[in-house]
Amino acid sequence: MKPLYLLPCVVAALVSLVFVMISGAKGDTKSKDAAPIYGVTVPEGYRQWELIAPALEAEPLDELRAVVGNSMAIDAYRAGTLPFPDGTVLVKLAWKQMRSTEFEPATVPGVATTVQVMVKDSKKYAATGGWGFSRFIGGKPVDEAQHQTCFACHEARVRGHDFVFTRFAP
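Residues numbered from 1 in each chain as written. Predicted model: local features only at pLDDT ≥ 70, side-chain atom pairs only at ≥ 80, totals over all residues. Heavy atoms only, no water.

Chemist: Looking at this model, I keep getting lost on the packing of aromatic side chains. Mind explaining?
Modeler: Here the distance between the centres and the angle between the planes together describe a pair of aromatic rings. Applying the stated criterion across every chain, the model contains seven aromatic pairs. Here Phe133 and Phe151 contribute two aromatic rings whose centre-to-centre distance is 6.4 Å and whose plane-to-plane angle is 50°, an arrangement assigned as tilted. Separated by 18 residues along the polypeptide, Phe133 in strand β5 (residues 131–137) and Phe151 in helix α4 (residues 150–158) bring together distant segments of the chain. For Phe133, a relative accessible area of 3% puts it in the buried group. Taking the relative accessible area as the measure of exposure, Phe151 reaches 12% and is therefore buried. On the basis of an interplanar angle of 50° and a centroid distance of 5.2 Å, the ring pair of Phe151 and Phe163 is categorised as tilted. Placement of the pair is Phe151 in helix α4 and Phe163 in the segment after α4, with a sequence separation of 12 residues. Judged by relative accessible area, Phe163 falls into the buried class, the value being 9%. (Phe/Tyr/Trp six-rings, centres within 6.5 Å; stacked < 30°, edge-to-face > 60°. Helix = DSSP H or I, 4+ residues; strand = E, 2+ residues; numbered from the N terminus. Buried < 20%, exposed > 50% of the residue type's maximum accessible area, 1.4 Å probe, protein only.)

Right, dumping it as structure tokens:
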């Protein structure tokens, strides 16, 4: 009979522990991984997403880039849907260009430079064409000043394509 009086204490301790673990995990993610202004984070599993298109960025950046998208993005690209539907997520990965050591004429990815994310939510990001933006270097979001330049660039150049530069590669 004695062990039964301990049961409420054990249950309370377990509930408290789970609450602390969940609260701590959520707090860490928001504080260190979310981009300023938009609150966008790097989506989990994005490296397994389908390729939308590669790109080559000339000087001064000299980067190789690849844009991948979640299933909503891929479906919208294939259907030619504009504007993109809410829930669309695009991720651009960038690397410095370097010559292949195995095959001299080839250019291959060198050091990773940035991961950039666009998230479509027409209500949450109404002031920026329905898109939230983020840019990460070394897994950390860049400062607020850099994030303030995102929408202006997209607005000036690709307003007529729902603020998205990347076209689907056949």
